[in-house]
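Structural overview for review
Take a look at the letters that make up each chain.
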Amino acid sequence: MAKKTIAIIGATETIGAIIAKNLSRGNYRLLLFGHDQAQLQGVAEGIKEVNPAADIDCISCLVDASWEADIIISAVPAGAEEQVAKKIREVATQKIVISIPNPVTISSGSSVSRGTSAAEELQKLLPNSKVVKTFNTADAVDLARAIADGKQIDSFIAGNDEEAVLTVREIVSNAGFHPIMAGELATSRALENARLVK
Ligand SMILES: NC(=O)c1ccc[n+]([C@@H]2O[C@H](COP(=O)([O-])OP(=O)(O)OC[C@H]3O[C@@H](n4cnc5c(N)ncnc54)[C@H](OP(=O)(O)O)[C@@H]3O)[C@@H](O)[C@H]2O)c1
């Protein structure tokens, strides 16, 4: 099967870096994006240390990374997604965009209105892309521990495009998670609420 290229936006921090590390073992070319190039290089070098065969490039331009990719993963804070979406809207046309952000915090509540979710808002900002929610319900610490212990963590998947959801299920599985089909993109409301952050 042809190798798919996946851009990870927000690869310098916890979740993006963990997903990159896990996917580097699959048949993927990974394009890592983050503003801090030194930190990004550190993430890539760390991955190559444990997996020298990893096909990884660090990209300093968000638009270039998204343009080159078949699939885009958004691992940025919910509040940064609008800015990211405006930049990648054209180059993300017809592509799968995986939404990880959780907009709900214990201290200030949700940054999106009731009756919607960060994933649905992203879909509105990227009307010609196929947004799928996943990788958002596990804590980074739990993820790292599960990986170290060789255990699988559940990853719920929600999306409206059937083919896109199946492709994401394969990615989730190749990243070492147990994929659970959760339904339409609107299910993201529950999935995002299930994981409160401080
Ligand atoms: N940490 C967890 O346990 C956890 C669990 C589940 C879901 N999540 C969700 O996953 C997302 C990432 O969380 P995190 O804790 O890994 O990291 P984070 O501290 O939220 O940072 C995420 C990344 O976003 C990038 N970023 C920030 N603003 C940006 C912008 N305007 N344009 C492009 N990139 C931008 C940052 O890169 P630069 O600094 O290089 O700009 C950084 O690499 C969040 O939405 C969070 O809700 C986190």
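See above for the structure.
Another point: the overall build of the chain. Scanning the chain from N- to C-terminus turns up 8 helices and 10 strands. Relative to the compact-globule value of 16 Å for 198 residues, the chain shows a C-alpha radius of gyration of 15 Å, a close match. Each of the 198 residues in the chain was classed as buried or not, and the buried ones make up 47%. Contacts in the chain between residues at least 24 apart in sequence constitute 71% of all its contacts with a sequence separation of at least 6.

A positive phi angle, near 70 degrees, is found at Q94, a position not held by glycine. The topology assignment puts Q94 in the loop between α4 (81–88) and β5 (96–99). Judged by the 9 C-beta atoms lying within 10 Å of it, Q94 is exposed. Positive phi values are uncommon outside glycine, yet F135 reaches one of about 65 degrees. Position of F135 among the secondary structure elements: in the loop between β8 (130–133) and α6 (140–149). Residue F135 is classed as buried on the basis of its C-beta count, with 26 C-beta atoms lying within 10 Å.

Contacts to the ligand come from 25 residues, most closely from G10, E13, G34, P101 and A140. For the shell around the ligand, the secondary-structure elements that each account for two or more residues are α1 (14–23) and α4. Among the elements that line the shell around the ligand, the one with the most residues is α1, at 3 residues. Of the residues contributing to the shell around the ligand, the split by class is 12 nonpolar, 9 polar and 4 charged.

This part takes up the environment of A175. Relative to the elements of secondary structure, A175 occurs in the loop between α7 (162–174) and β10 (178–183). In this structure the C-alpha to C-alpha distance between A175 and V132, which are 43 residues apart in sequence, comes to 16 Å. Setting aside anything within four residues of it in sequence, one finds A175 in contact with I19, N22 and L23.

This brings us to the sheet that holds strand β2 (residues 28–33). Taken in spatial order, the 8 strands of this open sheet run β3-β2-β1-β4-β5-β8-β9-β10, and their pairing is mixed. Strands at the two margins of the open sheet, each flanked by one partner only, are β3 (55–59) and β10. The average undirected angle you get between the axes of adjacent strands in this sheet is 25 degrees. Pairing of β5 with β8 involves 4 bridges; the strand directions are parallel. Looking at the pairing, V97 lines up with V131 of β8. Across the sheet, α7 lies against β5, β8, β9 (154–159) and β10, angled at about 165 degrees from β9, the strand it touches most.

A word on the pairing of β9. Here β9 lies mainly inside the structure; 5 of its 6 residues are buried. Where β8 lies against β9, 2 bridges are found, and the strand directions are antiparallel. Considered in β9, the bridge of V132 is made with G159. For β9 and β10, the ladder comprises 5 bridges, and the chain directions are parallel.

Moving on, we get to the pairing of β2. By the criterion of burial, β2 is predominantly enclosed, with 5 of the 6 residues buried. Note: strand β1 (residues 4–9) against β2, 6 bridges, orientation parallel. Opposite K4, over in β2, you have Y28 as the bridge partner. Each parallel crossover has a hand, and the one from β1 via α1 to β2 is right-handed. Regarding topology, helix α2 (residues 37–50) serves as the crossover connection from β2 to the parallel β3, and that connection is right-handed.

What counts as what
Residues numbered from 1 in each chain as written. Predicted model: local features only at pLDDT ≥ 70, side-chain atom pairs only at ≥ 80, totals over all residues. Helix = DSSP H or I, 4+ residues; strand = E, 2+ residues; numbered from the N terminus. Rg over C-alpha atoms; globule rule 2.2 N^0.38 Å. Buried ≥ 20, exposed ≤ 12 C-beta atoms within 10 Å, placed from the backbone. Contact = placed C-beta atoms within 7 Å. Near = placed C-beta within 6 Å. Nonpolar A, V, L, I, M, F, W, Y, C, P; charged D, E, K, R; others polar. Pairing = 2+ DSSP bridges. Axes fitted to C-alpha atoms, helices over the stretch in contact; angles between N-to-C directions. Right-handed = clockwise from strand over helix to strand, strands pointing away.

What is shown is where atoms sit, not what they do.
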